[in-house]
Amino acid sequence: MYQLCPSILSADFNRLGEQIKILENEGVQWLHIDVMDGDFVPSISFGMPVIKSIRKESKMFFDVHLMVTEPERYIQDFVNCGADSITVHAEACEDLERTIERIKDAGVKVGVSIKPATPVNDISHMLGDVDMVLVMTVQPGFGGQKYMDECTEKIQELRELIDKENLDVNIEVDGGINEGTLETVMKAGANIFVAGSWVFGGDIAENVRHIQKEIEE
Ligand code: DX5
Ligand code: ZN
């Protein structure tokens, strides 16, 4: 299953609902929602009230990416405001195993994310416990950065591990995904493609149609 997963971090927040509608009308099923706390990453984005508002209008799959220190504190809050999946950073959790269990107990899908410098080895023992691994292909914190080539190998390594164990785990890539890098990450084995500036820069509907076509080919 391949999915384009637009990141609303690059949306025009003055027209957020409208822009999400455009995505839905183009058949996009996943929506990437970047929450930043100004501690795990330098920037602050948005939180529960925004997610709650867009949940009222959208049936999309809400893929919530928590760039937050000790995300365990907020699991129930994000479930309550409409997350379908919660991804936490391996580097942000005091007890990653427990955090993952808590997310599962809360009844939503669970993902674990690793920053560019974190080796696959740090999370490979948990592949049987998660629905998704999010490989950051830029330093988390901002949209519009350049894809870090050294991350491609990590995607390949994960794909091999997942296939070898015959696991049903998505590999999501996030950061710098565009015309020039989509093919690389697809070939490496990723199947969920987050894109912020590529989707929201210019004509959203046209961008989505173009990207969907590239993914299908
Ligand atoms: C960065 C966020 C990304 C970001 C991607 O920390 O996790 O989701 O929005 O933006 P682009 O696609 O512009 O690199
Ligand atoms: Zn993200």
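Everything numeric here is computed off the predicted structure, so don't read it as measured data. (Residues numbered from 1 in each chain as written. Chains lettered and ligands numbered in written order. Predicted model: local features only at pLDDT ≥ 70, side-chain atom pairs only at ≥ 80, totals over all residues.)

1. Focus on the overall build of the protein
- Within the protein, the regular secondary structure consists of 8 helices and 8 strands.
- On C-alpha atoms alone, the protein measures out to a radius of gyration of 16 Å, which is about the 17 Å that the 2.2 N^0.38 rule sets for 217 residues.
- Across its three principal directions, the C-alpha atoms of the protein cover 40 × 35 × 30 Å.
- When each of the 217 residues of the protein is scored for burial, the buried share is 41%.
- Contacts spanning at least 24 positions in sequence make up 64% of the contacts within the protein whose residues lie at least 6 apart. (Helix = DSSP H or I, 4+ residues; strand = E, 2+ residues; numbered from the N terminus. Rg over C-alpha atoms; globule rule 2.2 N^0.38 Å. Buried ≥ 20, exposed ≤ 12 C-beta atoms within 10 Å, placed from the backbone. Contact = placed C-beta atoms within 7 Å.)

2. What about unusual backbone geometry?
- Positive phi outside glycine occurs at E70, with the angle close to 50°.
- Relative to the assigned elements, E70 resides in the loop between β3 (61–67) and α3 (75–80).
- Residue classification places E70 among the partly exposed residues on the basis of 16 C-beta atoms within 10 Å.
- One non-glycine residue, N166, adopts positive backbone phi at about 55°.
- Looking at the secondary structure, you find N166 in the loop between α5 (152–164) and β7 (170–174).

3. Things to note about the packing of helix α1 (residues 16–25) against helix α8 (residues 204–216)
- Contact pair α1 / α8: the axes reach a minimum separation of 9 Å and the direction vectors enclose 35°. α8 is crossed by α1, and the crossing has right-handed handedness. Between α1 and α8, the contacting residues are Q19, I22 and L23 on the first element and I204, A205 and V208 on the second.
- A breakdown of the residues in the contact of α1 with α8 according to their chemical character gives 5 nonpolar, 1 polar and no charged. (Axes fitted to C-alpha atoms, helices over the stretch in contact; angles between N-to-C directions. Left-handed = near helix turned anticlockwise from the far one by under 90°. Nonpolar A, V, L, I, M, F, W, Y, C, P; charged D, E, K, R; others polar.)

4. Examining the sheet that holds strand β8 (residues 192–195)
- Taken in spatial order, the 8 strands of this open sheet run β1-β8-β7-β6-β5-β4-β3-β2, and their pairing is parallel. In this open sheet, the two edge strands, each paired with only one partner strand, are β1 (3–6) and β2 (30–36). Sheet twist, expressed as the mean angle between neighbouring strand axes with direction ignored, is 25°.
- Bridging between β2 and β3 involves 7 bridges; their strand directions are parallel. Bridging across to β3, W30 finds its partner in F61. (Pairing = 2+ DSSP bridges.)

5. Examining the site of ligand 1
- Among the 22 residues in the neighbourhood of ligand 1, the closest are listed as S7, L9, G143, G196 and S197.
- Contributing elements (two or more residues each) for the shell around ligand 1: β2, β8 and α7 (197–200).
- Split by residue class, the shell around ligand 1 holds 8 nonpolar, 12 polar and 2 charged. (Near = placed C-beta within 6 Å.)

6. A word on α8
- An ideal rise of 1.5 Å per residue puts 18 Å on 13 residues; α8 measures up with 18 Å between its terminal C-alpha atoms.
- All buried positions along α8 are accounted for by I204, N207, V208 and I211. Relative to the axis of α8, the buried residues are bounded by an arc of 95° and lie together on one face. The outward face of α8, more than 90 degrees from its buried face, is lined by the exposed residues A205, E206, K213 and E216.
- Summarising the contacts, the buried residues of α8 are in contact with β1, α1, β8 and α7. (Expected span 1.5 Å × (residues − 1). Arc of directions from axis to C-beta.)

7. Digging into the environment of H210
- When you line up the elements, H210 lands in helix α8.
- Separated by 11 residues in sequence, H210 and V199 have C-alpha atoms that sit 9.6 Å apart.

8. A look at the UniProt feature "binding site: a divalent metal cation" (unreviewed entry) in the protein
- The sites that UniProt annotates as "binding site: a divalent metal cation" (unreviewed entry) are H32, D34, H65 and D174. Across 143 residues in sequence, these annotated residues keep their C-alpha atoms within 10.5 Å of one another, forming a single compact spot.
- With respect to the secondary-structure elements, H32 resides in strand β2.
- Once you skip the residues sitting within four places of it in the chain, H32 turns out to touch C5, P6, S7, I8, D63, H65 and V194. (UniProt positions renumbered as here; feature names shortened; annotations may be inferred.)

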